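Below are the chains, spelled out letter by letter.
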Amino acid sequence: FLDAFNYIGGNVLISGLDEKSLQGDKAYKEYFNILNNNEMPTIDISNTIDLGPILFVMAALLNGAKFTGIKRLRIKESDRLQAMYDELTKLGADIEIGDDYLIINGGKKLCGGYVDSHNDHRIAMSLAVICSVFGGVIENAECVNKSYPLFFEDCEQLGIKIFKNGSV
């Protein structure tokens, strides 16, 4: 999540990542590069399903994308597919959901606003990335405590203004 800031104009030094990790999340860097360097790429996330929320945010902020292999997003801590559709649409994203695909059209005018984490840590952290650009309030942001209790404190150290009422 912190490296996402580098793709939207930030300057965050990321160190200590284990290149040999078995964790599927390590694929984020390859996906971020694809999203940053290609117009409307197609990305299969069936083997890295937990990356869905942050990848959707990055697609909305960058060049758009079509994501396949998304069905399991409906059975995570929340219905991450519907949640991300709802919240990104509130912020102006143009999204289409199909049976096993999601298309986010890039280049759309986005804005800040009130969004809901759906009590899902990955959704809260993903929404924080987009709210760092446009501003916003993230309801139930404390759910990040599940995986990254210091997330918002670390964001503050990066210069992102965080208000204790959930505003970014």
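Provided above is the structure to which this section pertains.
Presented here is a report on the structure given in the accompanying data block. This structure is a prediction, so every number in the text was calculated from the model and none was measured.

## Remarks on the layout of surface pockets
Of the pockets and cavities examined, the largest pocket occupies roughly 650 Å³. Every residue lining the largest pocket is counted, 22 residues in all, and those nearest its centre are Phe1, Leu17, Asp25, Lys26 and Tyr28. Secondary-structure elements contributing two or more residues to the lining of the largest pocket are helix 1 (28-37) and helix 4 (121-134). Its residues assigned to classes, the lining of the largest pocket shows 10 nonpolar, 5 polar and 7 charged.

## Topic: the side chain of Asp25
By secondary structure assignment, the location of Asp25 is in the segment before helix 1. Within polar-contact distance, the side chain of Asp25 engages the side chain of Arg122 at 2.7 Å. Setting aside anything within four residues of it in sequence, one finds Asp25 in contact with Asp50, Leu51 and Arg122.

## Describing the nonpolar core
Considering soluble globular proteins, one finds that nonpolar side chains tend to be buried as a cluster. In this structure, Leu35, Ile45, Phe56, Met58, Phe67, Leu88 and Ile104 are the most contacted members of the largest nonpolar core, which totals 54 residues. Of all elements in the fold, only helix 1, helix 2 (52-61), strand 2 (64-68), helix 3 (80-90), strand 4 (101-105), helix 4 and helix 5 (151-157) reach the threshold of two or more residues within this core. Examining the composition of this core, we find that 8 residues originate from one element, helix 4, more than from any other. When residues no more than four places from it in sequence are discounted, the contact partners of Met58 are Ala4, Tyr7, Ile8, Phe32, Leu35 and Val129.

## What to know about the pattern of salt bridges
Taken as a whole, this structure holds 10 salt bridges when the rule is applied. The shortest N-O distance in the salt bridge between Asp50 and Lys76 comes to 3.2 Å. With Asp50 in the loop between strand 1 (42-44) and helix 2 and Lys76 in the loop between strand 2 and helix 3, the pair connects residues that are 26 residues apart, well separated along the chain. Since its relative accessible area comes to 29%, Lys76 is described here as partly exposed. For the salt bridge of Lys90 with Glu87, the shortest nitrogen-to-oxygen distance reads 2.9 Å.

## What about helix 4?
Across its 14 residues, helix 4 extends 20 Å between first and last C-alpha, which sits within 8% of the 20 Å expected from 1.5 Å per residue. For helix 4, the buried fraction is high: 11 of the 14 residues fall into the buried class. The complete set of buried residues in helix 4 reads His121, Arg122, Ile123, Ala124, Met125, Ser126, Leu127, Ala128, Val129, Ile130 and Cys131. On its buried face, helix 4 sits against helix 2, helix 3, strand 5 (113-116), strand 6 (136-139) and helix 5. Just past helix 4, the residue Gly135 takes up positive phi, approximately 85°.

Quick notes on the rules
- Residues numbered from 1 in each chain as written.
- Predicted model: local features only at pLDDT ≥ 70, side-chain atom pairs only at ≥ 80, totals over all residues.
- Heavy atoms only, no water.
- 1 Å grid on protein atoms, 1.4 Å probe; cavity = no way out; pocket = protein on both sides within 12 Å on 5 of 7 lines; lining within 4 Å.
- Points joined across faces, edges and corners; volume = space filled by probe spheres on them.
- Helix = DSSP H or I, 4+ residues; strand = E, 2+ residues; numbered from the N terminus.
- Nonpolar A, V, L, I, M, F, W, Y, C, P; charged D, E, K, R; others polar.
- Polar contact = N/O pair within 3.5 Å; in protein donor to acceptor, adjacent residues only side chain to side chain.
- Contact = heavy atoms within 4.5 Å.
- Core = buried A, V, L, I, M, F, W, Y, C linked by side-chain atoms within 4.5 Å.
- Buried < 20%, exposed > 50% of the residue type's maximum accessible area, 1.4 Å probe, protein only.
- Salt bridge = Lys/Arg side-chain N within 4 Å of Asp/Glu carboxyl O.
- Expected span 1.5 Å × (residues − 1).

The quantities given are spatial measurements derived from coordinates; they are silent on function.
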